[in-house]
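Each chain, written out:
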Amino acid sequence: MELAELKAWLHIDYDDDDEVIKLIYDAAIEEMTELIPEFDGENLTARQRLLICTFVKELYDKREQTEAKESKLRYAVQSMLLKEMLG
C-alpha cells in the first residue's frame with residue numbers, strides 16, 4: 001500500500017507524521033505475515049487492505065495514550081482477521 005492511501009484513510013494532509021505512519025504500517029505487515037498463511041504483502045486482497053488501514057488507524061489514533069487500558073479490536077476486524085488466518 002502507498003503512504004498516500006493510508007494518509008487518505010487517516011484524513012491526514014500533512015507530512016509531519018509520515019515516519020510514524022510508515023512504522024505502524026510495517027508493524028501491520030509483520031503481524032499479518034506471522035498470522036496469515038501464505039500472506040503476500042505485494043498482492044493484498046481488499047479485505048487485507050482494509051485490515052491494514054484499520055490497524056494503522058487504531059494505532060495511530062491511540063499512539064499517545066499512556067493510560068493502561070484493555071484494548072479490543074472491533075468485532076468486524078476480529079472476524080476479518082480470523083478469516084484471513086484460517087484461509
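So, here is what we can say about the structure in this document. (Residues numbered from 1 in each chain as written. Predicted model: local features only at pLDDT ≥ 70, side-chain atom pairs only at ≥ 80, totals over all residues. Heavy atoms only, no water.)

A word on helix α2 (residues 18-35)
Now for step 1: A rise of 1.5 Å per residue sets the reference length of α2, with its 18 residues, at 26 Å; its end C-alpha atoms lie 26 Å apart and thus fit the reference within 8%.
Now for step 2: Along α2, the residues that are buried comprise D18, I21, I24, Y25, A28, I29 and M32. Mapping the buried residues of α2 onto a view down its axis gives an arc of 145 degrees, with all of them on the same face. Relative to its buried face, α2 has exposed residues pointing more than 90 degrees away, namely E19, L23, E30 and E34.
Now for step 3: On its buried face, α2 sits against α1 (3-10) and α3 (46-61). (Helix = DSSP H or I, 4+ residues; strand = E, 2+ residues; numbered from the N terminus. Expected span 1.5 Å × (residues − 1). Buried < 20%, exposed > 50% of the residue type's maximum accessible area, 1.4 Å probe, protein only. Arc of directions from axis to C-beta. Contact = heavy atoms within 4.5 Å.)

Regarding the pattern of salt bridges
Oppositely charged side chains are able to pair whenever their charged atoms sit close together.
Now for step 1: Tallied over the entire structure, the rule returns eight salt bridges.
Now for step 2: One salt bridge connects K62 with E58, and the closest N-O pair in it is separated by 3.3 Å.
Now for step 3: Look at E58 and you get buried, because its relative accessible area is 19%.
Now for step 4: The network of salt bridges with common partners includes K7, D15 and D18. (Salt bridge = Lys/Arg side-chain N within 4 Å of Asp/Glu carboxyl O.)

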